[in-house]
Number of protein chains: 4
Amino acid sequence: MDLSVDRTASGREYKVKDISRTGFDRIWTELDQATMEMTSLEAVRTKYGPNQPLKGAKISASIAVTSRAGVLIKTLNNLGAEVRVCSRGTHWINDSTAAAIMAGDCASVFAWNGQTPQEYLWCMERALDWGQHGGPDLIIDDGGDITRFIREGIKAEKMYEKTGQLPGLSSSSTEDPKLRVMLTSIRDGLKSDPQRFHRMKDRLVGVSEMSTDGIQMLSKMQADGTFLEAIDINDSPTKRMFDNWYGPRLSLVEGLRRAYTGDSIAEKAAVVCGYGEVGKGCADALKEARAKVFVTENNPDYVFDALVDGFPVKHIDDFISMADFFVTTTDYKDSITVEHMRKMKNNAVICSIGQFDNDIDMEGLETYPGVRRITVSPQTDKWYFPETNTGVIVLAEGRMMNLGCATGHPSFVESCPYTDHVIGLLELWKLKDGRTDA
Amino acid sequence: MDLSVDRTASGREYKVKDISRTGFDRIWTELDQATMEMTSLEAVRTKYGPNQPLKGAKISASIAVTSRAGVLIKTLNNLGAEVRVCSRGTHWINDSTAAAIMAGDCASVFAWNGQTPQEYLWCMERALDWGQHGGPDLIIDDGGDITRFIREGIKAEKMYEKTGQLPGLSSSSTEDPKLRVMLTSIRDGLKSDPQRFHRMKDRLVGVSEMSTDGIQMLSKMQADGTFLEAIDINDSPTKRMFDNWYGPRLSLVEGLRRAYTGDSIAEKAAVVCGYGEVGKGCADALKEARAKVFVTENNPDYVFDALVDGFPVKHIDDFISMADFFVTTTDYKDSITVEHMRKMKNNAVICSIGQFDNDIDMEGLETYPGVRRITVSPQTDKWYFPETNTGVIVLAEGRMMNLGCATGHPSFVESCPYTDHVIGLLELWKLKDGRTDA
Amino acid sequence: MDLSVDRTASGREYKVKDISRTGFDRIWTELDQATMEMTSLEAVRTKYGPNQPLKGAKISASIAVTSRAGVLIKTLNNLGAEVRVCSRGTHWINDSTAAAIMAGDCASVFAWNGQTPQEYLWCMERALDWGQHGGPDLIIDDGGDITRFIREGIKAEKMYEKTGQLPGLSSSSTEDPKLRVMLTSIRDGLKSDPQRFHRMKDRLVGVSEMSTDGIQMLSKMQADGTFLEAIDINDSPTKRMFDNWYGPRLSLVEGLRRAYTGDSIAEKAAVVCGYGEVGKGCADALKEARAKVFVTENNPDYVFDALVDGFPVKHIDDFISMADFFVTTTDYKDSITVEHMRKMKNNAVICSIGQFDNDIDMEGLETYPGVRRITVSPQTDKWYFPETNTGVIVLAEGRMMNLGCATGHPSFVESCPYTDHVIGLLELWKLKDGRTDA
Amino acid sequence: MDLSVDRTASGREYKVKDISRTGFDRIWTELDQATMEMTSLEAVRTKYGPNQPLKGAKISASIAVTSRAGVLIKTLNNLGAEVRVCSRGTHWINDSTAAAIMAGDCASVFAWNGQTPQEYLWCMERALDWGQHGGPDLIIDDGGDITRFIREGIKAEKMYEKTGQLPGLSSSSTEDPKLRVMLTSIRDGLKSDPQRFHRMKDRLVGVSEMSTDGIQMLSKMQADGTFLEAIDINDSPTKRMFDNWYGPRLSLVEGLRRAYTGDSIAEKAAVVCGYGEVGKGCADALKEARAKVFVTENNPDYVFDALVDGFPVKHIDDFISMADFFVTTTDYKDSITVEHMRKMKNNAVICSIGQFDNDIDMEGLETYPGVRRITVSPQTDKWYFPETNTGVIVLAEGRMMNLGCATGHPSFVESCPYTDHVIGLLELWKLKDGRTDA
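Report on the accompanying structure.

Rules used throughout
- Residues numbered from 1 in each chain as written.
- Chains lettered and ligands numbered in written order.
- Predicted model: local features only at pLDDT ≥ 70, side-chain atom pairs only at ≥ 80, totals over all residues.
- Heavy atoms only, no water.
- Pairing = 2+ DSSP bridges.
- Helix = DSSP H or I, 4+ residues; strand = E, 2+ residues; numbered from the N terminus.
- Axes fitted to C-alpha atoms, helices over the stretch in contact; angles between N-to-C directions.
- Contact = heavy atoms within 4.5 Å.
- Least-squares fit on C-alpha atoms with pLDDT ≥ 70 in both.
- Buried area = accessible area lost by both parts, 1.4 Å probe.
- Salt bridge = Lys/Arg side-chain N within 4 Å of Asp/Glu carboxyl O.
- Polar contact = N/O pair within 3.5 Å; in protein donor to acceptor, adjacent residues only side chain to side chain.
- Nonpolar A, V, L, I, M, F, W, Y, C, P; charged D, E, K, R; others polar.

### Quick notes on the sheet that holds strand β14 (residues 380–384) of chain B
Residue and element names in this part refer to chain B. A sheet is described by the order of its strands in space; here seven strands give the open sequence β10-β9-β11-β12-β15-β14-β13, paired in mixed fashion. Strand pairing shows two members of the sheet lacking a second neighbour, β10 (292–296) and β13 (372–377), which therefore form its edges. Across the sheet, the mean angle separating the axes of adjacent strands is 25 degrees when strand polarity is ignored. Sheet topology places strand β12 (residues 349–352) next to strand β15 (residues 391–395); two bridges connect them, and they run parallel. In the strand pairing of β15, Ile350 is matched with Val394. Against the sheet, helix α11 (residues 237–259) contacts β11 (325–328), β12, β13, β14 and β15, and its axis sits at roughly 140 degrees relative to β12.

Below, the structure is given as structure tokens:
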């Protein structure tokens, strides 16, 4: 990608894949539908819009560029803010949506699918670049990448001030391509502007952060002696309830129905591993889809919950050869081992809806001697064991099946954390008069 | 397609698109999975297989060529029958499955996707061609095309014998391409073999028919004075319960989930039009997906059923502007009119799961002045009305959404009519000693 | 009871236990509540009342004297009819309700609890006595006792006319006390009025009958050559649905909760014997009460229904030692034998909600050598077997537990057959101009 | 009652109403049934019984004397303890059960129904009287009466030691008859034994307390400087889940079914006031009984819960004239006012299942000018307002309907806190070697 900034007719900066692309009709329809579904964002817009509470606020946002993000951006714009957006990762960027947002000319988007790490950082720096003022008033972060960039910048500036040393590219940063390009950029800019990140921090009123990783990054900054005002969206009761219980309970069955084409969930035996909020939602959803549901769980309180809810609880070994579906929600490594898989029924379906990617021992499966993998349909693989020439069906390569096989949370559910972001920014923005550079 | 018969190594005739095609692994996996799901077919195979009750039976079958049909064919083969298969239509033929069945070399398949009417008839004639014996012992028909061919043949032979006249290609047959090629073939063969269809009928022990259309064809033959022994699979209690109640209740939600990506069914208002068996299953399924369900129905008994089941029943006009989903199951033309659609909420979703294709007034919609159609995703169109620039989302172009957006009945459900076929053929085959030509 | 007719201030005849009794307040409240619950009767009253369609109709009714019957009587009165009521049996008559109806002075009631057969017949004859006209225009019957009385009367009159013979009191009638008093009354009246029942029949426009027994009686009359116009309430779709499915599904759990004080249904294993409409309702109700439900059934169609509804189906022997509740709905004698009971868990609960009283082998239980019965609470007995000193709990002495332990159908449900009666009488009354004596 | 101690044949002391009373068979059956239901107590007995972990422990217990308490006592006995029992109140004592426990001769019971306060204290002192040792090793308290007695005793002894003053009978104690008899007893004993309660406290290893009131009493003691080891059963997760969510969800519908004879819950509109754990259970139970359920709630988190669970949430005023049932679980005074009641439908049913007795403004109702109360059945009153001569039905006089109309928690549920008591006592007993008097 040619790394030069484009401008809309009104002069707003951006960089997306192809603003002239056709098919906007489809995307407008999608945005319209998302807008109708995201009722809490709409409620916020209706309630606060007329008073323009974010008037003058310059917001830099690192988020997943989807139609739902489009509704968030539009809402912030309607509340008076100016927004500059980069993507929260190098992939999964919807180029059409990015183009459509720019076509609406209400915010600056710097994102395209399949960015290199260099391009990723370039986009982030553009999102942070508010001209001579040097930085944003507010930040929306998801994954902590902006926070990390500022943290590394400040650390480097402090060291440079004290010792004149430039940051090295240590072995750990070598392995992490994002960190490597960040450090390179920081080093290259240090001499010409040794206070760039300090100025940015002084100007910054606060950060609204959605991920656990990002919150850990913010805690580290505080431990470093660099405090940023922040709102932890992840800790909101509605975010947790919707992300943990309500979202998976909707997307699990959607994912199964898509992946497991043509076969019935009803009357089948399904084992849910773990009975926390996610497991609870999954068990309920499978019961409603008419499966016979069984639970594995170690925590006695959760065992009790499962029993009271009417689900038999046993050790996974007791279910291993009778169940048709295994859904793991434990967030424990190797909750389902390759030894488990070998003992399962032919065509047993295995999937994970946990937060991490290692509930299912995929490495063990992939390296099992003589194992054979047949892709039945996208995100649906049958793995044959050589001893029996039968095997199991693994969804989404053992990773979060609600993302791989379904489309994650419904817009209605996703509306919750985005509304939390807006409410969080409104709260942070009240602190603007006390900021360091005021 | 070059219309010449191929032969397997064992000498079995066939004609499919590409027997050498790769990807068999995937199809074997699919067939294996279907076999495991189709438990009633498996039970029949286990129970009757050892006694080979269909030994010597020559079966011609006109059915949808899917992996489920593959399981049926294999089952018949395991019971001792020889089977020759053509497709029950010119499209929706799974070429890979056809190839895989031939690779298994247990039956003769004559089918490929996108046949011309001529090719379609050529395949049917191949399926009926059992060498010098002149015809099959048993027929599996779905849609009545084989029956119709035999009926037209016999009619023509009678007329030719009585009057020497060849069948004309009337205007009605001109419009129906299948009938036209049948009549052409009959006429072309009459002089050389004026008893071809009479011989076929004399040899034939009976027909197992799955569709209402086919049964009507058989009734017409009887009215013509030409009686065929037949089993009406459509009239089986299990077939009806599964096809009407159980199948749609599973595939409706599957279809909605696939078509209606990213939005929630839960908490939405859904109207089910019609509360027969199909409507009952749909209402129950939507309730289980946590929608708020409402019903429209004219038949007082069904109204009562719906109320006792806890669903409010009113006229569709009372729901028109409040509901998010409309599912019609009425089999009445224009149950949902374009006037209804204009009054619906923006983004209301409309679909049909009835037997016919005219519950929803698609013609009215398509010809509405200034209407604009945007395809959101395959089988999902948003239709904008010019007056409001808002509109409705129509699934599967208003036709059976459980086929268009989902994959029809699960294999488990489909196993029922196929098992009925096998049981029906076993019953018919007991009559073999009394056949006309014996 | 002194068998003389009393009169209200307005001159209306009656005979009840004690018209002066206190506590009317309570009964008015009960009648008021029943009236509000019996919404279909109220709808009939509102719709037809103003036109007085039953004006002039003289109705004799043999029904259970409850507050619900009070609402029926009031409704008929509001439609213009005059009603004379006797009880449909000698027991289960609510004397307070009878008194309250008379206090309302809108109909004539002849009924009190604990009648002798002679008193029972005296009441019935009073209900049929419409002065010099000799009989009612319309009859409401429940159990067929009035029909039977007229039938026996006509038979006797025919024989007497032909042969001069009086009816004998055969051995069968000796065993049936009701029949014996009927025949005695008929014989005693024959000489003085040999056409009493023929006149009654000629005047009678028709009968609305609610019970299977009564319908069989009417069929016998037709077979005898004596046709009565009749409406078979039992055959109404609403009556059947409500009596079979909806009523028991409500009253089963109510009965269990009352009988089985202090113990939980939830999580217990419950076996429902029989999966017709009654069994279907019971299984659903137990599932909603959170029991684990199992089914026994012989009819393959019903087995299929049960499986599709998600209930395991097996032979009762397979459940006998694991279940906590046994509910029989089969109407087959000895569906639960004493041998079954001996094998059950200690404190297993057994009850019947079928139509007849012999699903459970109570005789076998009562005569089991050394068995010991302890009444835990009214309608709840524990039966100890001597071998183990453990045993089973039988509700309502093995008879219909929804009557014994609960109060039968809710008023709302009972409203259905009563409304059917009214609609039936309206239809019959249209025939009045064609009656034999017109 | 003659206040003298009786002795069993084995010499065990007791005082109950009538040990010779008949009907033991029924009670043994009840105890047997309770034993089978109280599976967790049985599990404790099986696990710990063989090791006799409570061998030598002298336990004084103030609990409700029911068959369930009988199972608890038997369990403690089986674990090696000796138990002396008094009732936790002057009423609701089951004399037959008390007699039956004594007939079993495994513990000393001092309790009869309808005790005077003097008799109540006499029984408590007997339960605390372990001969010359002066007091129990362990205490089970429910309501804190024993704790309060010891607290007052110690306070008095301290004051007497310091000042020589005897405790006065203040005006507050005059109003509380229980406290008055306690203080009288303490005062009367002070001179002869000024260290009675200090000795008792020194000997005491700990208290297992089940009620909030009792825990508050224990906290006051600690604040006074008098610490007792105690287990707060009320704080156990299982106790709370079962008492709050699971128990009411079972007993609400049981109570409604019993109180509301003959009318249907299904299809009726029910309002649940409050959506904490109790309200959640009630809403779920009413939904399962097929009511249409609505919720009132102030706490935004609970509002969210209710909405996600599918229940509409509004202000009670919005439901007041449409609902058929009102169930309050708020524990807030006057959640349902007499003004609310006046606006309700005729025959609307009102009940409370909260912990306190003032959710419903019964005083306002009783003093409403011209209001008229008709008792429809025990615990079920209709209250007529004079303006309309219609009115509402109040269950259990507005108090806890699950106790008034049902029998409280099922044995299975009650097993939980009793098991917690046993586990708690086992833990406390481990501390015995460190007690003050050791």
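### Quick notes on the relation of the copies chain A and chain D
Each copy of the sequence occupies a distinct position, and chain A is placed on chain D by a rotation of 180 degrees and an axial shift of 0.1 Å, giving an RMSD of 0.2 Å. One copy is carried onto the other by what is essentially a two-fold rotation axis. When you check the interface residues of chain A against chain D, 100% turn up at the interface there too, and the contact is symmetric in its surfaces.

### So, the interface of chain A and chain D
On the chain D side, the residues contacting the 12 residues of chain A number 12 residues. Roughly 880 Å² of surface becomes buried between chain A and chain D when both sides are summed, with 83% attributable to carbon and sulfur atoms. Three residues stand out in chain A for area buried against chain D, namely Met241(A), Phe304(A) and Val308(A), and they jointly supply 53% of the buried area on that side. Where chain A meets chain D, there are zero salt bridges. Viewed at the interface, chain D and chain A are joined by zero residue pairs in polar contact (both at pLDDT 80 or more). Mapped by element, the contributors of at least two residues to the side of chain A that touches chain D are α11 (237–259) and α13 (300–308) of chain A. Split by residue class, the side of chain A that touches chain D holds eight nonpolar, one polar and three charged.

### What to know about the interface of chain B and chain A
Each partner contributes residues to the interface: chain B has 39 residues there, and chain A has 40 residues. Taken together, both faces of the contact between chain B and chain A bury some 3700 Å²; the carbon and sulfur share is 47%. Contact with chain A buries surface across chain B, with Gln33(B), Arg257(B) and Arg290(B) losing the most and accounting together for 16% of the total. Counting across the interface, chain B meets chain A through eight salt bridges. The closest approach of N and O atoms between Arg290(B) and Glu288(A), which form a salt bridge, is 3.1 Å. Those elements giving two or more residues to the side of chain B that touches chain A turn out to be α1 (24–37), α11, α12 (277–288), β13 and β14 of chain B. When grouped by side-chain class, the residues that make up the side of chain B that touches chain A number 11 nonpolar, 11 polar and 17 charged.

### Overview of the relation of the copies chain B and chain A
Relative to chain A, chain B is turned by 180 degrees and slid 0.1 Å along the rotation axis, the superposed coordinates differing by an RMSD of 0.1 Å. A share of 100% of interface residues in chain B that are also interface residues in chain A marks the association as one of identical surfaces.

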